[in-house]
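Fold and geometry: a report
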Amino acid sequence: MDLFDYMRSAAQEKESPLASRMRPRTLDQVVGQKHIIGQDKLLYRAIKADKLGSIIFYGPPGTGKTTLAKVIASTTSADFRQINATAAGKKDMEEVVKAAKDSLGMYGKRTILFVDEIHRFNKSQQDYLLPYVEDGTLILIGATTENPYFEVNGALLSRSRIFELKALERDEVKELICRAVSDQENGMGEYNAVIHEDAAEFLADVAGGDARAALNAVELGVLTTERSEKDGKIHITLDVAQECIQKRAIRYDKSGDNHYDTISAFIKSMRGSDPDAAVYYLARMLYAGEDVKFIARRIMICASEDVGNADPQALTVAVSAAQAVERIGMPEAQIILAQAVSYVATAPKSNSAVCAISDAMDAVKNQKTMPVPVHLQDSHYKGSAELGRGTGYLYAHNYPGHYVKQQYLPDGMEGQVFYRPSDNGYEKKIQKHMDFLKRNKD
């Protein structure tokens, strides 16, 4: 690198966006992702020991995929090359491979190739890299926002370890925001700016785990806000923050009354079979940056507590939605949540399961605990036959209708009822079947 290249590189780094300037240089400066770079984790140890194999970073935008690659670049003794799959062609890869072969042959030095947006490579481009990854000429680091199991060549996947990055938590984004405002060397510290608590909370919320979005808003706020005549500082207020990120702040404190009021209205709307209100409160929570996993959990609870066996499929829909939103993330997750909410809201309702377990828990708590009837006891362990355990048990499948009259509750509890099916939905059918069994029992 000559003097002009150095000066150009230095100027470019100083003028680069705040999110780029604030990238950590070391592992210890990285915020979040402790599930993969905690000090006891494999990736942390591999980077520290400079013994990295081929890996693929997978996660939503702004979660630190490129950041981790840059950290590796600054700590490894290997040659580090970077290309972006949206712009690179075969010629670029050929040049990287040639340089890697030369480096390995002449100096015994391996080459790490970081491919950003690797899912943009077509099959032939990915196939080109395969033999060089396989023979160790290249150590591949891929970064993708798309599920690598769908978008990356299976052969490359089999030779790489996949690390999934999660959206940053609100407090982690807030930490980065405050660090960026005060950092004198790489951040906005030289502008003598302050960010108000409610503005920092708002940006951390609406960023949805995307640190880049939050830092871009901070930079825009600092550069476009006039200094206060009172103290000469640039104040990033809530109004400034919402203007910079082009999103209106709504009253929704996740630890305050508004949070609990909204989730309460959300659940009661589903329970009350009003899909319009339920979807509206869902939208309010999503707009305010509520955790989609929290919302999904509440839908699952409602599907069991308020729908139950009146429509057993409701719980299946809710659980599937919860799994899907974790795999897909926002913004598409809002469609999945809306589908689950509207299904649960319009399903026939029953709280029979709630009443059943409540009454059964009361019975266990308040009544004398009687032994399990002998014929229901386990007859498989050593000595059980000699003790008469399991003697007299009637195997239901050996009888017509797969049913036989038999005592199941402990002595003294015969005839006690806990589950009372409602006359809604599928529970009508359950009640009809139970009535049939009762007639046969009698």
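Residues numbered from 1 in each chain as written. Predicted model: local features only at pLDDT ≥ 70, side-chain atom pairs only at ≥ 80, totals over all residues. Heavy atoms only, no water.

**Digging into the overall build of the protein**
Applicable threshold: In this text, helices come from DSSP runs of H or I with a minimum length of four residues, and strands from runs of E with a minimum of two, each type numbered from the N-terminal end. Radius of gyration: C-alpha atoms only; globule rule: 2.2 Å multiplied by the number of residues to the exponent 0.38. Buried residues are those whose accessible area, probed at 1.4 Å on protein chains only, stays under 20% of the maximum for their type, while exposed residues exceed 50% and partly exposed ones sit between those limits. Residue exposure ignores everything except the shown protein chains as possible cover, and the areas themselves are Shrake-Rupley values with a 1.4 Å probe. The charge count treats Lys and Arg as positive and Asp and Glu as negative. His and the chain ends do not count. Note on charges: their place is set at NZ of Lys, CZ of Arg, CG of Asp or CD of Glu.
Across its full length, the protein carries 20 helices and 7 strands. Taken against the 2.2 N^0.38 rule, which gives 22 Å for 442 residues, the C-alpha radius of gyration of the protein at 30 Å runs more than 25% over that of a compact globule. Across its three principal axes, the protein shows a C-alpha extent of roughly 100 × 65 × 40 Å. Residue burial in the protein is summarised as follows: out of 442 residues, 41% are buried. Of the accessible surface of the protein, which amounts to about 25100 Å², a share of 52% is contributed by carbon and sulfur atoms. Computed over 55 positive and 60 negative side-chain charges, the inter-centroid distance for the protein is 5 Å.

**Side note on the layout of surface pockets**
Empty space among the atoms becomes apparent when a probe as large as a water molecule is rolled across them. The cut-off we apply is this: Put plainly, a pocket is an open set of points on a 1 Å grid over the protein atoms alone with protein on both sides within 12 Å along at least five of seven lines, a cavity is a set where a 1.4 Å probe fits but cannot get out, and a lining residue has an atom within 4 Å of a point. Grid points are joined across faces, edges and corners, and a volume is the space filled by probe spheres set on the points. Amino acids outside the nonpolar list (Ala, Val, Leu, Ile, Met, Phe, Trp, Tyr, Cys, Pro) and the charged list (Asp, Glu, Lys, Arg) are all regarded as polar, and Gly is one of them.
In this structure, the largest pocket spans a volume of roughly 1300 Å³. Put simply, the parts of the chain that give the lining of the largest pocket at least two residues each are helix 10 (170–182), helix 11 (197–206), helix 15 (275–287), helix 16 (292–307) and helix 17 (313–328). Element by element, the count of residues in the lining of the largest pocket is highest for helix 17, at 4 residues. A breakdown of the residues in the lining of the largest pocket according to their chemical character gives 17 nonpolar, 9 polar and 15 charged.

**What to know about the packing of helix 10 against helix 12 (residues 211–224)**
Pairs of packed helices are described in terms of their axes, by the angle between the two and the distance that separates them. Let me state the cut-off plainly: Between the N-to-C directions of two axes lies an angle of 0 to 180 degrees, each axis being a line fitted to C-alpha atoms and, for a helix, fitted only over the stretch in contact. Rotating anticlockwise by less than a right angle from the far helix to the near helix defines a left-handed crossing, while the corresponding clockwise rotation defines a right-handed one. Two residues form a contact once any of their heavy atoms are found within 4.5 Å.
Relative to each other, helix 10 and helix 12 sit at 35 degrees, their axes nearing to 10 Å. Helix 10 and helix 12 meet at a crossing whose hand is right-handed. On helix 12, the residues touching Val173, Leu176, Ile177, Ala180 and Val181 of helix 10 are Ala211, Ala214, Leu215 and Val218. For the contact of helix 10 with helix 12, the residue count by class is 9 nonpolar, no polar and no charged.

**Regarding the side chain of glutamine 125**
Relative to the elements of secondary structure, glutamine 125 occurs in helix 7 (residues 123–134). Setting aside its immediate chain neighbours within four residues, glutamine 125 contacts Ala88, Gly89, Met93 and Arg120.

**Notes on the sheet that holds strand 2 (residues 79–84)**
What counts here: Paired strands are those between which DSSP finds at least two bridges.
Ordered by their spatial adjacency, 5 strands build an open sheet running 2-3-4-1-5, and the pairing between neighbours is parallel. The outermost strands of the open sheet, each flanked by one partner alone, are strand 2 and strand 5 (161–164). Adjacent strand axes in the sheet meet at a mean angle of 15 degrees when their direction is disregarded. Two elements, strand 3 (residues 111–116) and strand 4 (residues 138–144), share 6 bridges in a ladder whose sense is parallel. Pairing of phenylalanine 114 across the sheet is with isoleucine 141, part of strand 4. Packed onto the sheet, helix 5 (residues 65–75) meets strand 1 (55–58), strand 2, strand 3 and strand 4 and runs at close to 145 degrees relative to strand 1.

**A look at the packing of helix 16 against helix 17**
The line we're drawing: Angle categories: roughly parallel below 35 degrees, roughly antiparallel above 145, roughly perpendicular from 65 to 115, and oblique for all the rest.
Running from amino to carboxyl end, helix 16 crosses helix 17 at an angle of 175 degrees, the nearest separation of the two axes being 8 Å. As the angle between them shows, helix 16 and helix 17 are arranged roughly antiparallel. In contact with Lys293, Ala296, Ile299, Met300, Ala303, Ser304 and Val307 of helix 16, helix 17 contributes Ala314, Leu315, Ala318, Val319, Ala322, Val325 and Glu326. Split into classes, the residues belonging to the contact of helix 16 with helix 17 amount to 11 nonpolar, 1 polar and 2 charged.

**Here's the deal with the environment of leucine 140**
Here leucine 140 is to be found in strand 4. The sequence separation of leucine 140 and leucine 156 amounts to 16 residues, and the corresponding C-alpha distance is 9.1 Å. Apart from residues lying up to four places away in sequence, leucine 140 is in contact with Gly53, Ser54, Ile55, Leu113, Val115, Ile118, Leu129, Val133 and Leu156.

**Here we look at helix 6 (residues 90–107)**
The following threshold applies: Expected helix span is taken as 1.5 Å per residue step, with the number of steps being one fewer than the number of residues. Each C-beta atom gives one direction from the helix axis, and the arc is the one those directions make.
Helix length check: helix 6, at 18 residues, gives a terminal C-alpha distance of 25 Å against a target of 26 Å (1.5 Å per residue), a fit within 8%. Here helix 6 has its buried residues at Met93, Val96, Val97, Ala100 and Ser103. Viewed along the axis of helix 6, the buried residues span an arc of 125 degrees, placing them on a single side of the element. More than 90 degrees from the buried face of helix 6, the exposed residues found are Lys91, Lys98, Gly105 and Met106. Looking at the residues trailing helix 6, positive phi occurs at glycine 108, about 65 degrees.

**Here we look at empty space enclosed by the protein**
Applying the stated criterion to the full structure yields 1 cavity of 30 Å³ or more. Considering the residues around the largest cavity, the lining is formed by Ala46, Ile47, Asp50, Leu52, Ile72, Thr75 and Thr76. Contributions of two or more residues to the lining of the largest cavity are made by helix 4 (42–49) and helix 5. Considered class by class, the residues forming the lining of the largest cavity number 4 nonpolar, 2 polar and 1 charged.

**Focus on helix 7**
Between its terminal C-alpha atoms helix 7 stretches 16 Å, which fits the 16 Å expected from 12 residues at 1.5 Å a residue. Along helix 7, the positions that sit buried rather than exposed are Gln125, Gln126, Tyr128, Leu129, Leu130, Tyr132 and Val133. Its buried side turned inward, helix 7 meets helix 6, strand 3, strand 4, helix 8 (148–151) and helix 9 (154–158). Following helix 7 by one or two positions, glycine 136 has its phi on the positive side, about 90 degrees.

**Observations concerning the confidence of the model for the protein**
Convention followed: Per residue, pLDDT measures the predictor's confidence, with a range of 0 to 100.
When the pLDDT values of the protein are averaged, the result is 85; 91% of them are 70 or greater. Here residues 3–12 scores under 50 on pLDDT; set against residues more than four positions off or in separate chains, the count is 1 contact.

**Considering the nonpolar core**
Applied cut-off: As used here, the term nonpolar core means buried Ala, Val, Leu, Ile, Met, Phe, Trp, Tyr and Cys residues forming a set that is joined through side-chain atoms within 4.5 Å.
Ranked by size, the top nonpolar core spans 31 residues in total, and within it Leu18, Val173, Ile177, Ile195, Leu203, Val218 and Val222 carry the most contacts. At the level of elements, helix 2 (18–21), helix 10, strand 6 (193–195), helix 11, helix 12, strand 7 (234–236) and helix 13 (238–244) are the ones that each hand at least two residues to this core. Among residues more than four places away in sequence, those in contact with leucine 203 are Ile177, Ile195, Ala214, Ala217, Val218, Ala241 and Ile245. Within the second largest apolar cluster, 30 residues are counted, among which are Ala278, Val292, Val325 and Ala347.

**Some points on the pattern of salt bridges**
Condition: Take a side-chain nitrogen of Lys or Arg and a carboxyl oxygen of Asp or Glu: if they are within 4 Å of each other, that pair is a salt bridge.
The tally for this structure, following the rule as stated, stands at 14 salt bridges. Here lysine 123 and aspartate 127 are joined by a salt bridge, their closest N and O atoms 3.0 Å apart. Here aspartate 127 and lysine 123 lie together in helix 7, a separation of 4 residues that amounts to about one turn. Here aspartate 127 falls in the partly exposed class, since its relative accessible area comes to 29%. Between aspartate 359 and arginine 420 there is a salt bridge; the shortest N-O distance is 3.3 Å. Separated by 61 residues along the polypeptide, aspartate 359 in helix 19 (residues 352–366) and arginine 420 in the loop between helix 19 and helix 20 (426–441) bring together distant segments of the chain. By relative accessible area, which is 30% here, aspartate 359 ends up partly exposed. According to the relative accessible area criterion, arginine 420 is partly exposed, its value standing at 48%.

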